[in-house]
Structures are given as structure tokens and as C-alpha cells.
Amino acid sequence: MSLETLEQETLAQVAAAADEAALEAVRVAALGKKGTISEQMKQLGALAPEERKSFGAALNLLKDKVADALAARKGELADRALNERLVRERVDVTLPVRHELRGTIHPVNQVWEEIVQIFGDLGFSVAEGPHIEDDFHNFDALNMPPEHPARQEHDTFYFNEKPDGSRLVLRTHTSPVQIRTMKTQQPPIRIIAPGRTFRSDSDMTHTPMFNQVEALVIDETTHLGNLKWLLHEFCKAFFEVDDVKMRFRASHFPFTEPSMEVDINCSWKDGQVKIGEGDSWLEILGSGMVHPNVIRAGGLDPDKYQGFAFGMGIDRIAMLKYGIPDLRAFFESDLRWLRHYGFKSLQVPTLAGGLS
Ligand code: PHE
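**Notes on the overall build of the chain**
Logical step 1: Counting its regular elements, the chain contains 11 helices and 12 strands.
Logical step 2: Scaling as 2.2 N^0.38, a compact globule of 356 residues should have a C-alpha radius of gyration of about 21 Å, whereas the chain reaches 36 Å, well beyond that.
Logical step 3: Taken along its principal axes, the extent of the C-alpha atoms in the chain is 110 × 55 × 40 Å.
Logical step 4: Relative to its 356 residues, the chain shows a buried fraction of 41%.
Logical step 5: Residue pairs at least 24 apart in sequence account for 65% of intrachain contacts in the chain once pairs closer than 6 positions are excluded.
Logical step 6: Here the chain displays about 19,900 Å² of accessible surface, and carbon together with sulfur accounts for 52% of that area.
Logical step 7: One finds the centroid of the 40 positive side-chain charges in the chain at a distance of 5 Å from the centroid of its 52 negative side-chain charges.

Written as C-alpha cells, this is what we have:
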């Protein structure tokens, strides 16, 4: 067979291959060990030197042509297979959600999102800090030097001591974010910092890991009255009621002066906690005017700047809003509980559309 005929036939076979398997068969038949082109190669040795040169060159050319054609056809077939698959696997995103999709949004995530919505609307932005903190940010900078008795109240989880004697901690509150924020932002500052916090403590209303949201407002004029107004507005928006009975109790924190704790009126009946009735109170936050030492530790001048901060328990207010009596259940991952208290995944809270 002449090389021309061989070329024509082989290229025709390549073009006719309908899928990858057929194409592979064509390749083996031409270029495989016993393939038509490989057989021609074997003849070369028997030829006279001159002839061998020209025939060899022609054969190499043919081999390259066939290899190129194979590669091109392979690409075509792959494209075609992909297109067919795309058509076959088309998803109609306008169809309604299938009912058996049972995954739900955890109440903590839902409430977290509600909080961000409310404070976002009031001009706050969200700040973050690490869960593993150093002693300085968790304590020292917050006006709690090493010998300060308040350190004991925090039931801190400590990491092993480092060679230099220092110890990292799991942050016991979100307040270290106050320091990190003042160090990186110039007033006026308006941030909230939602996140995980850790203390070695466990009962109906305490878990070793819990969620807090810190708020920090720093400028030249903000005062305690602004804080009370803000908390009131927040509670009305969050609990979606016209008024919320709140109790402001004088308190003490090393990092605020004056300080107050805030309780919300509620009742515990038949394994349900209800807001706005009964004669029980649930503490939801600690707050106060930021202590001058803290403002200084944040790198700002306390003679010029002032403001307030609070730290609120996210899980606590989730319990109150959604009538969940035992905090520990939040973190047990019981599917029945999650289905009962969870939110539909497309039920995103917005102020306009309703929070819950
Ligand atoms: N960090 C305090 C706590 O966890 C709460 C708090 C925050 C109090 C900010 C005052 C100001 O108990």
C-alpha cells in the first residue's frame, strides 16, 4: 500500500471515530506495536541508505500527521461529551425547593444574623478577633492586671505555659476585640463583634462554649444615656415587640466605669421560657462606659475620647426569643431538637421582611 493511501485511510478512520474507545482502536491499529504505520517503520532497515532517508522522512511526517489528527479528534469528542452532559444534567433553579430537604439553620446562627441586621441598620460594622487570645488582650489591656481578682471569676481555659512563662487562653469574652479595634481604627468607632467565647462552666444557662456579641462605641461625646437608648431600641427590634421590660442594675467590671448589668423580664413555665411576663429576670448583658485605662491600652487618648461597651449573650437572647429552656441543648446536635427549633435555610432575616 502506498503511503498516500495509508494516510488517507487512517485519517478517514480518525474522522469517523464516534467516541473515545473507537478513537483509541484507530490509534492502536495505526501507531500501536503492530499498527500499519509501525509495520512500515520495520521495513526501513531493509532499504538502501538513500531510499531509507527519504522513506523515513515521509513516514515520520505521516506519523506526526496522524498523531495530530488523533489529538484534535480527541478534543472534539471530549467537548461533545461535555456538552451532552451539560444538557443531560441541566438543573431548573426556578423549581420549588424539594420538601425532603430537612437541613435547618441553628437558632444561634439565625439570632446572630438578626443581631447583625439590627446593628447594621444602626450604622455599626462587624469586627472580629481570634478565639485563642493572649493574656494581654483578654485581661491586661482590659484593666485586669495579673493579680486582679476578676481574673478568677472567668473560669479560664489556659493553654500550656510557653518557655517565657506566658500562657495563651481561649478568650473568656469578646471584649478583647475592643482593644484590637481601637488599635486599628480611629474614632468615631461603632462596631459589634459576635463570636465564640469559652469558660469552664456548665448548667441550665451556662455552657463551656457560648456566644457573645460585643459592642463598642467610641467618640468624643457618647454617654450612658446613649447606651440605654441603644439597648432599648435593640431589644424592641430583636424581640419584635413595642416595649420590653428591662432592668438596669449597677454592677462592676474592671474595664468599664460606671458599669451596669441588664436583665430582661421573663417567666419559666411548663418547660418554656417566655419574655415579657412573670416575675423572673434573665441577665443578658454586661455594659458600661469604657474605662480610661482601656481606652489608653487601645492606643487612644482618654482625655479626648469616651464611649460605651457591652457584651451580650447571644445564646441567652436566643433562648428568650424562641422559648428554649435549656442552653445545653443548643450544642448537643440532637437532630430532633434541630428540626424543632431550626429555621428554614431560605428564611433569611431582614428588617424589611421580618426578622423571624
Ligand atoms: N465582657 C463582659 C463579660 O463577659 C461583658 C461586658 C462587656 C461588660 C463590655 C462590660 C462591657 O461578662
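Once you've had a look at it, read on.
**Some remarks on the packing of helix α1 (residues 3–16) against helix α2 (residues 20–31)**
For any two helices packed against each other, the geometry is given by the interaxial angle and the distance between the axes.
Logical step 1: At a closest axis distance of 8 Å, the pairing of α1 and α2 adopts a crossing angle of 165 degrees. The angle between the axes of α1 and α2 places the two elements in the roughly antiparallel class. Between α1 and α2 the crossing geometry is left-handed. Counted together, T10, Q13 and V14 of α1 and L23, V26 and A30 of α2 form the full contact between these two elements.
Logical step 2: In terms of residue class, the contact of α1 with α2 is made up of 4 nonpolar, 2 polar and no charged.

**Some details on helix α5 (residues 107–121)**
Logical step 1: With 15 residues, α5 should reach 21 Å at 1.5 Å per residue; the first-to-last C-alpha distance of 21 Å fits that figure.
Logical step 2: Among the residues making up α5, those that are buried are P107, V108, Q110, V111, E114, I115, I118 and F119. Along the axis of α5, the buried positions cluster into a sector of 160 degrees, meaning they face one direction only.
Logical step 3: At the C-terminal side of α5, G123 shows a positive phi close to 95 degrees.

**Let's talk about the nonpolar core**
Logical step 1: One finds I115, F234, F310 and I317 to be the most contacted residues of the largest nonpolar core, which totals 46 residues.
Logical step 2: Ranked by residues supplied to this core, first place goes to helix α8 (residues 224–239) with 7 residues.
Logical step 3: With residues near it in sequence (within four places) discarded, F234 still touches I115, I118, F119, M312 and I317.
Logical step 4: Judged by nonpolar contacts, the second largest core, of 23 residues, contains A127, F139, V169 and L216.

**Focus on the site of the ligand**
Logical step 1: Close contacts around the ligand come from 14 residues, with H173, S175, R199, Q212 and G311 the closest.
Logical step 2: Q212 has a polar side-chain atom sitting 2.9 Å from an oxygen atom of the ligand.
Logical step 3: Here the ligand, which alone exposes 330 Å², has 92% of that area covered by the protein.
Logical step 4: If you list the elements that add at least two residues to the shell around the ligand, you get β6 (209–219), β10 (280–290) and β11 (306–313).
Logical step 5: Looking at the shell around the ligand, the element that brings in the most residues is β11, giving 3 residues.
Logical step 6: For the shell around the ligand, a count of residues per class yields 4 nonpolar, 8 polar and 2 charged.

Calculation criteria
Residues numbered from 1 in each chain as written. Predicted model: local features only at pLDDT ≥ 70, side-chain atom pairs only at ≥ 80, totals over all residues. Heavy atoms only, no water. Helix = DSSP H or I, 4+ residues; strand = E, 2+ residues; numbered from the N terminus. Rg over C-alpha atoms; globule rule 2.2 N^0.38 Å. Buried < 20%, exposed > 50% of the residue type's maximum accessible area, 1.4 Å probe, protein only. Contact = heavy atoms within 4.5 Å. Areas by Shrake-Rupley, 256 points an atom, 1.4 Å probe, with all protein chains shown as cover. Lys, Arg positive; Asp, Glu negative; His and termini not counted. Charge placed at Lys NZ, Arg CZ, Asp CG, Glu CD. Axes fitted to C-alpha atoms, helices over the stretch in contact; angles between N-to-C directions. Parallel < 35°, antiparallel > 145°, perpendicular 65-115°, else oblique. Left-handed = near helix turned anticlockwise from the far one by under 90°. Nonpolar A, V, L, I, M, F, W, Y, C, P; charged D, E, K, R; others polar. Expected span 1.5 Å × (residues − 1). Arc of directions from axis to C-beta. Core = buried A, V, L, I, M, F, W, Y, C linked by side-chain atoms within 4.5 Å. Near = heavy atom within 4 Å. Polar contact = N/O pair within 3.5 Å; in protein donor to acceptor, adjacent residues only side chain to side chain.

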